[in-house]
Amino acid sequence: MKKRIALVLSLVLTISLFAACGRRETSTKVRLNEVTHSVFYAPMYAALKLGFFEEEGLDVELTNGGGADKVMTAVLAGQADVGLAGPEACIYVLNEGREDHPVVFAQLTKRDGSFLVGRTNEPFLWENLKGSTVIGGRKGGVPEMTLEYVMRQNGVVPSQDAVVDTSVQFNMMAGAFTGGNGDYVALFEPTATEVELEGKGYVLTSIGQESGEIPYTAFFAAQSYIENNPKVIQSFTNAVAKGQKWVQEHTAKEIAEAVADQFPDTKLDVLTLVAQRYQDIDAWNETPVMKQEALERLETVMETAGELDHRVDFAQLVDNTYAEEACKD
């Protein structure tokens, strides 16, 4: 009898040990604040849905900041551990001379993810914007600056040939447009497609295709947080890299299915259309590594918009150590 009991206990212990080897005993909570909620961030949502963060021992709490300035405020105030927004927010803070400044450790997207939406289904030419009002987003934000950059590249000078309305809060732009304000608006997906399907506007062109590659959206954290939590940052970056690799290897429909839980009010066929649009413009970075030449192109966009007095030291703003390590897996 004693031998039998001992054998049973031994088997239970063995099974428990095997189970422990296949999972993390504890997880670390990471508070992540995103600039907006968009299919544009599909690699991150896929990583959440497919358990890539859990595999790395992380429990990610996702919140929507509703603008890069608000995301940055949350990170600097310690209300969020990691921010997802345009790197321009980090450049502004670094140029202010803040000692514990935010550091970019992983890049998610590599071009503007917004689409220009108009009121008529016109054969689109950028010169059509002359004499019009375009709802462009917060002044000094990457969406607004990229829009102005593309307008200038196509012979339309903001404030001279067309009005760029920067008074509308980022997450209120679609509502302002459908409510009758402006002739055009720059919108992310799936909002742009939803506005079109509602018959309240037409998607005319991709701003990202016109602007070229820039580090449009990236993950960052306070320098002190990164220094105190290097394993967390590495694990987080590993999960992001897995998500980026996954979307590169799967179809638009598969991507739509993976992110569907994040957009419960959007039909799967719409999400598939949106994912295909982002695949078509090559919106997502293949790896979390940020290239210096890409950041310099962003700084050119900022200078053109009159929002940047002097450029930053790439090595001070960006730490590619974690991204490069993640690429080894």
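Whatever comes next refers back to the structure up there.
Just so we're clear, the structure is a prediction, and the values are computed from it rather than from any experiment.

About the cut-offs
- Residues numbered from 1 in each chain as written.
- Predicted model: local features only at pLDDT ≥ 70, side-chain atom pairs only at ≥ 80, totals over all residues.
- Heavy atoms only, no water.
- Helix = DSSP H or I, 4+ residues; strand = E, 2+ residues; numbered from the N terminus.
- Rg over C-alpha atoms; globule rule 2.2 N^0.38 Å.
- Buried < 20%, exposed > 50% of the residue type's maximum accessible area, 1.4 Å probe, protein only.
- Areas by Shrake-Rupley, 256 points an atom, 1.4 Å probe, with all protein chains shown as cover.
- Lys, Arg positive; Asp, Glu negative; His and termini not counted.
- Charge placed at Lys NZ, Arg CZ, Asp CG, Glu CD.
- Core = buried A, V, L, I, M, F, W, Y, C linked by side-chain atoms within 4.5 Å.
- Contact = heavy atoms within 4.5 Å.
- Axes fitted to C-alpha atoms, helices over the stretch in contact; angles between N-to-C directions.
- Parallel < 35°, antiparallel > 145°, perpendicular 65-115°, else oblique.
- Nonpolar A, V, L, I, M, F, W, Y, C, P; charged D, E, K, R; others polar.
- Left-handed = near helix turned anticlockwise from the far one by under 90°.
- Pairing = 2+ DSSP bridges.
- Arc of directions from axis to C-beta.
- Salt bridge = Lys/Arg side-chain N within 4 Å of Asp/Glu carboxyl O.
- Disulfide = S-S within 2.5 Å.

What follows deals with the overall build of the chain. Per the secondary structure count, the chain includes 16 helices and ten strands. On C-alpha atoms alone, the chain measures out to a radius of gyration of 22 Å, which is about the 20 Å that the 2.2 N^0.38 rule sets for 329 residues. Here the C-alpha coordinates of the chain stretch approximately 90 × 45 × 30 Å along the principal axes. Within the chain, the fraction of its 329 residues that count as buried is 53%. Just so you have it, the chain exposes about 15000 Å², and 48% of that area is on carbon and sulfur atoms. Distance between charge centres in the chain, computed from 28 positive and 48 negative side chains, equals 9 Å.

Attention now moves to the nonpolar core. Soluble globular proteins: nonpolar side chains tend toward being buried together. Within the largest apolar cluster, 109 residues are counted, with the highest numbers of intra-cluster contacts made by Phe 105, Phe 219, Phe 236 and Tyr 278. Ranked by residues supplied to this core, first place goes to helix 11 (residues 230–248) with seven residues. If near-sequence neighbours (up to four positions away) are discounted, Phe 219 is found in contact with Leu 32, Met 44, Val 82, Gly 83, Leu 84, Val 103, Val 104, Phe 105, Ala 106, Leu 108, Phe 236 and Val 240.

What describes two packed helices is the angle between their axes and the distance between those same axes. Relative to each other, helix 2 (residues 42–49) and helix 11 sit at 110°, their axes nearing to 8 Å. Here helix 2 lies roughly perpendicular to helix 11, going by the angle between them. Within the contact between the two elements, helix 2 uses Ala 42, Pro 43, Ala 46 and Ala 47 and helix 11 uses Ala 239, Gly 243, Gln 244, Trp 246 and Val 247. A per-class count over the contact of helix 2 with helix 11 returns seven nonpolar, two polar and no charged.

The next point concerns the packing of helix 2 against helix 12 (residues 252–259). In the contact formed by helix 2 and helix 12, the axes pass within 8 Å of each other and the chain directions differ by 60°. Classed by the angle they form, the pair helix 2 and helix 12 counts as oblique. The handedness of the crossing between helix 2 and helix 12 is left-handed. Of helix 12, the residues touching helix 2 (which contributes Ala 42, Tyr 45, Ala 46 and Lys 49) are Ile 255, Ala 258 and Val 259. Across the contact of helix 2 with helix 12, the residue classes tally to six nonpolar, no polar and one charged.

Spatial ordering of the open sheet is given by 7-6-8-5-9, a layout of five strands whose pairing is mixed. On the outer flanks of this sheet lie strand 7 (163–165) and strand 9 (202–206), each paired with one strand and no other. Averaged over all adjacent pairs, the angle separating strand axes in this sheet is 30°, with direction ignored. Two elements, strand 6 (residues 133–135) and strand 8 (residues 184–187), share two bridges in a ladder whose sense is parallel. Paired with Ile 135 across the strands is Val 185, a residue of strand 8. Strand contacts of helix 6 (residues 142–153): strand 5 (115–118), strand 6 and strand 7, with the helix running at about 170° to strand 7, the strand carrying the most contacts.

Let us look at helix 4 (residues 68–76). Burial in helix 4 covers these residues: Ala 68, Val 71, Met 72, Ala 74 and Val 75. Seen end-on, helix 4 carries its buried residues on one side only, within an arc spanning 160°. Packed against the buried residues of helix 4 are strand 1 (28–34), strand 3 (82–85), helix 5 (88–95), strand 4 (102–109) and strand 10 (217–222).

Further remarks concern the sheet that holds strand 10. Across the sheet, five strands lie side by side as 2-1-3-10-4; this open sheet has mixed pairing. The open sheet has two free edges, formed respectively by strand 2 (58–64) and strand 4, since each of these has just one partner strand. For this sheet the average axis-to-axis angle between neighbouring strands, irrespective of direction, equals 25°. Bridge count between strand 3 and strand 10: three bridges; the pairing is antiparallel. Bridged to Ala 85 within strand 10 is Ala 218. Packed on one face of the sheet, helix 4 meets strand 1, strand 3, strand 4 and strand 10 and runs near 170° to strand 3.

Here we come to the pattern of salt bridges. By the definition in use, this model includes 18 salt bridges. Lys 110 is paired through a salt bridge with Glu 213; the nearest N and O atoms lie 3.8 Å apart. Of this pair, Lys 110 sits in the loop between strand 4 and strand 5 while Glu 213 sits in the loop between helix 9 (207–211) and strand 10, and the two are 103 residues apart along the sequence. Taking the relative accessible area as the measure of exposure, Glu 213 reaches 33% and is therefore partly exposed. Notably, a salt bridge pairs Arg 311 with Glu 303, separated by 2.8 Å at the nearest N-O pair. One salt-bridge network, in which partners are shared between bridges, spans Lys 110, Glu 213, Asp 282 and Glu 286.

It is worth spelling out the state of the cysteines at this point. Overall, the coordinates contain zero disulfides when judged by the stated rule. Here Cys 327 is not cross-linked by a disulfide; its sulfur's nearest cysteine counterpart is in Cys 90, at 19 Å. Residue Cys 327 is classed as partly exposed on the basis of its relative accessible area of 37%.

Take it as geometry only, folks, not as evidence of what the structure does.
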